[in-house]
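Fold and geometry: a report
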Amino acid sequence: ISIIDLSYIQENLGKSASGGLVVETSPIINPTNLELDTSNSVGIADDELDTAIENLLTGKEPVAVSLAEEPAKIGMEFKEPIKMDSISIAVPNANNAPSSGFIDVVDVNNVTHKIEYGEKAYRNPVGFSAKMNRSTGSIQIDLGKQIAVKKITIIVNETTNKDANLAEIGKVEFLNNVYEEIPVP
């Protein structure tokens, strides 16, 4: 303890902190604002259609999609556009994770942006990118900037288990104003 420390204590005795900032950290998606686009969803079992959106947002139960006939699709439509700058897709089991496909993002101007994901990192001409974490099977979609999104379709062409025709998606998060931590040099 130095004389400077003691002077700070003396100056601040009896004072209280004020002006604290409370930051809202709840998810940006209200589940009632999002609905499953059944006309654009392929491979979801009929008995999971009613609970698919809730399970995708909460991660309570994984949503299984079948690739038996054609690529699986999960279409989600927002009743009101939501601003976001990234999308995170988590999987419960890396052995049944989607390993290649596309994410179609439809913005507020009805422009469809196709973002490819797979074993390597991708970047489309607009600046959107996708990367997979091989150990967990999760997929991170970076939209490059904040955009207002009306509709998202997850298209699964293959799974990490090449012999399986079932992919599992555990949770989908729509993120806004996310800052990556700068690694310590």
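For the structure given in this document, a descriptive report is provided here. Here the structure is a predicted model, which means the values were calculated and not measured.

1. Points about the overall build of the protein
Per the secondary structure count, the protein includes 2 helices and 10 strands. Ordered by position from the N terminus, the helices and strands of the protein form the series α-β-α-β-β-β-β-β-β-β-β-β. Every one of the 185 residues in the protein was classed for burial, and the buried ones make up 38%. Within the protein, residue pairs in contact and separated by at least 24 positions form 70% of the contacts whose partners lie at least 6 positions apart. Of the roughly 11,500 Å² of accessible surface on the protein, a fraction of 50% belongs to carbon and sulfur atoms.

2. Re a nonpolar patch on the surface
A grouping of Ile 1, Ile 3, Ile 4, Leu 6, Tyr 8, Ile 9 and Leu 13 is seen on the molecular surface, where their side chains present a nonpolar patch of about 850 Å² in accessible area. By the secondary structure assignment, Leu 6 is in helix H1 (residues 3–12). By relative accessible area, Leu 6 is classed as partly exposed at 47%.

3. Structural notes on the packing of aromatic side chains
Applying the stated rule across the entire model yields 1 aromatic pair. Both rings, one in Phe 78 and one in Phe 174, keep their centres 5.4 Å apart while their planes meet at 80 degrees; by these two values the pair is edge-to-face. Separated by 96 residues along the polypeptide, Phe 78 in strand E3 (residues 72–90) and Phe 174 in strand E10 (residues 171–175) bring together distant segments of the chain. You'll find Phe 78 and Phe 174 in the same group, each marked buried. Here the basic side chain of Lys 114 rests over the ring of Phe 102, its NZ or CZ set 4.6 Å away from the ring centre.

4. Considering unusual backbone geometry
Unlike most non-glycine residues, Asn 110 shows phi in positive territory, near 60 degrees. Along the chain, the position of Asn 110 falls in the loop between strand E4 (98–107) and strand E5 (112–117).

5. Thoughts on the side chain of His 113
Its location among the elements puts His 113 in strand E5. One polar contact links His 113 to Asp 107, side chain to side chain, over a distance of 3.0 Å.

6. Here we look at the side chain of Ser 41
In this fold, Ser 41 is placed in the loop between strand E1 (34–36) and helix H2 (52–58). Ser 41 sits in the buried class, given a relative accessible area of 15%. Leave out the neighbours within four places in its chain, and Ser 41 touches Leu 36, Lys 73, Ile 74 and Gly 75.

Cut-offs and rules
Residues numbered from 1 in each chain as written. Predicted model: local features only at pLDDT ≥ 70, side-chain atom pairs only at ≥ 80, totals over all residues. Heavy atoms only, no water. Helix = DSSP H or I, 4+ residues; strand = E, 2+ residues; numbered from the N terminus. Buried < 20%, exposed > 50% of the residue type's maximum accessible area, 1.4 Å probe, protein only. Contact = heavy atoms within 4.5 Å. Areas by Shrake-Rupley, 256 points an atom, 1.4 Å probe, with all protein chains shown as cover. Patch = residues over 30% accessible without salt bridge, like charges linked within 9 Å, V, L, I, M, F, W, Y side chains within 5 Å. Salt bridge = Lys/Arg side-chain N within 4 Å of Asp/Glu carboxyl O. Phe/Tyr/Trp six-rings, centres within 6.5 Å; stacked < 30°, edge-to-face > 60°. Lys NZ or Arg CZ within 6 Å of the ring centre and 35° of its normal. Polar contact = N/O pair within 3.5 Å; in protein donor to acceptor, adjacent residues only side chain to side chain.

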